[in-house]
Amino acid sequence: MEALEVKTAPNLDQWRSLLEKILSDYAKLPYRYGDVATYLVVDQDRNHFLLMQEGWEENRRVHGCLVHAEIRNQKIWIHYDGIEGGIANELTDLGVPKDHIVLAFHAPTVRQYTGYAID
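Just so it is clear, the structure is predicted and the values come from calculations on it, not from any experiment.

### Re the overall build of the chain
Tallying secondary structure elements over the chain gives 2 helices and 5 strands in all. Secondary structure elements of the chain occur, N-terminal to C-terminal, as α-β-β-β-β-α-β. A compact globule built from 119 residues would reach a C-alpha radius of gyration of about 14 Å, and the chain, at 15 Å, matches this within 12%. Within the span of the chain, comprising 119 residues, buried residues form 36% of the whole. Considering only contacts in the chain between residues 6 or more positions apart, those separated by 24 or more positions represent 39%. On the chain, the mean spot of the 12 positive side-chain charges and the mean spot of the 18 negative ones are 3 Å from each other.

Structure follows, in structure tokens:
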């Protein structure tokens, strides 16, 4: 995917497409153990993007959110990121400036040290 160039206001449609593409690629990866499906849930109207897993690993139920991102106040808020390398790095590699990404899974008092937006 081609990198973005954000000089003024962000193009929210581009960000929606980026988030959907990144998470769709992860949803296509097979679960290593058991019968577990990974799928993307998108609420375009409210700008929420979730990568979910559900199924069974032997006798253990697997159900939960791997990633929850939201576009809010002209920024991408990452509420939860269970991906090993994190999607924030992928977003910056594709041209989203760090000051437009909030690592919301960190406490507000810690965010100033992340190199990303505070809020």
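### Here's the deal with the packing of aromatic side chains
Enumeration over the complete set of coordinates arrives at 0 aromatic pairs. For Arg 72, the ring lying beneath its charged end belongs to Trp 77, and the centroid distance is 4.2 Å. Directly above the ring of Tyr 116 sits Lys 98, whose terminal nitrogen or CZ lies 5.0 Å from the centroid.

### Examining the pattern of salt bridges
Once their charged atoms are close, side chains differing in charge can pair, the charge on each being opposite to the other. What the rule picks out here adds up to 6 salt bridges. Of the charged contacts in the structure, one is a salt bridge between Arg 46 and Asp 43, with a shortest N-O distance of 3.3 Å. For Asp 43, a relative accessible area of 25% corresponds to the partly exposed category. The shortest N-O distance in the salt bridge between Glu 57 and Arg 60 comes to 3.3 Å.

### Some words on the layout of surface pockets
The volume enclosed by the largest pocket comes to roughly 270 Å³. Forming the walls of the largest pocket are Tyr 26, Leu 29, Pro 30, Tyr 31, Arg 32, Thr 38, Leu 51, Gln 53, Leu 66, Gly 82, Ile 83 and Glu 84. For the lining of the largest pocket, a count of residues per class yields 7 nonpolar, 3 polar and 2 charged.

### Comments concerning the environment of Tyr 33
Relative to the assigned elements, Tyr 33 resides in the loop between α1 (12–27) and β1 (35–43). Through-space distance from the C-alpha of Tyr 33 to that of Trp 56 is 8.9 Å; in sequence the pair is 23 residues apart.

### Considering the sheet that holds strand β3 (residues 60–72)
Paired through their backbone hydrogen bonds, the strands of a sheet run either parallel or antiparallel. Pairing is mixed in the open sheet, where 5 strands are placed in the order β1-β2-β3-β4-β5. The open sheet terminates on both sides in strands that have one partner only, identified here as β1 and β5 (101–103). On average, each strand axis in the sheet is inclined to that of its neighbour by 15 degrees, with strand direction left out of account. Note: strand β4 (residues 75–81) against β5, 3 bridges, orientation parallel. Each residue of the ladder has a partner; that of Ile 78, found in β5, is Leu 103. Along the sheet, α1 contacts β1, β2 (48–57), β3 and β4; its crossing angle with β1, the most-contacted strand, is approximately 175 degrees.

About the thresholds
- Residues numbered from 1 in each chain as written.
- Predicted model: local features only at pLDDT ≥ 70, side-chain atom pairs only at ≥ 80, totals over all residues.
- Heavy atoms only, no water.
- Helix = DSSP H or I, 4+ residues; strand = E, 2+ residues; numbered from the N terminus.
- Rg over C-alpha atoms; globule rule 2.2 N^0.38 Å.
- Buried < 20%, exposed > 50% of the residue type's maximum accessible area, 1.4 Å probe, protein only.
- Contact = heavy atoms within 4.5 Å.
- Lys, Arg positive; Asp, Glu negative; His and termini not counted.
- Charge placed at Lys NZ, Arg CZ, Asp CG, Glu CD.
- Phe/Tyr/Trp six-rings, centres within 6.5 Å; stacked < 30°, edge-to-face > 60°.
- Lys NZ or Arg CZ within 6 Å of the ring centre and 35° of its normal.
- Salt bridge = Lys/Arg side-chain N within 4 Å of Asp/Glu carboxyl O.
- 1 Å grid on protein atoms, 1.4 Å probe; cavity = no way out; pocket = protein on both sides within 12 Å on 5 of 7 lines; lining within 4 Å.
- Points joined across faces, edges and corners; volume = space filled by probe spheres on them.
- Nonpolar A, V, L, I, M, F, W, Y, C, P; charged D, E, K, R; others polar.
- Pairing = 2+ DSSP bridges.
- Axes fitted to C-alpha atoms, helices over the stretch in contact; angles between N-to-C directions.

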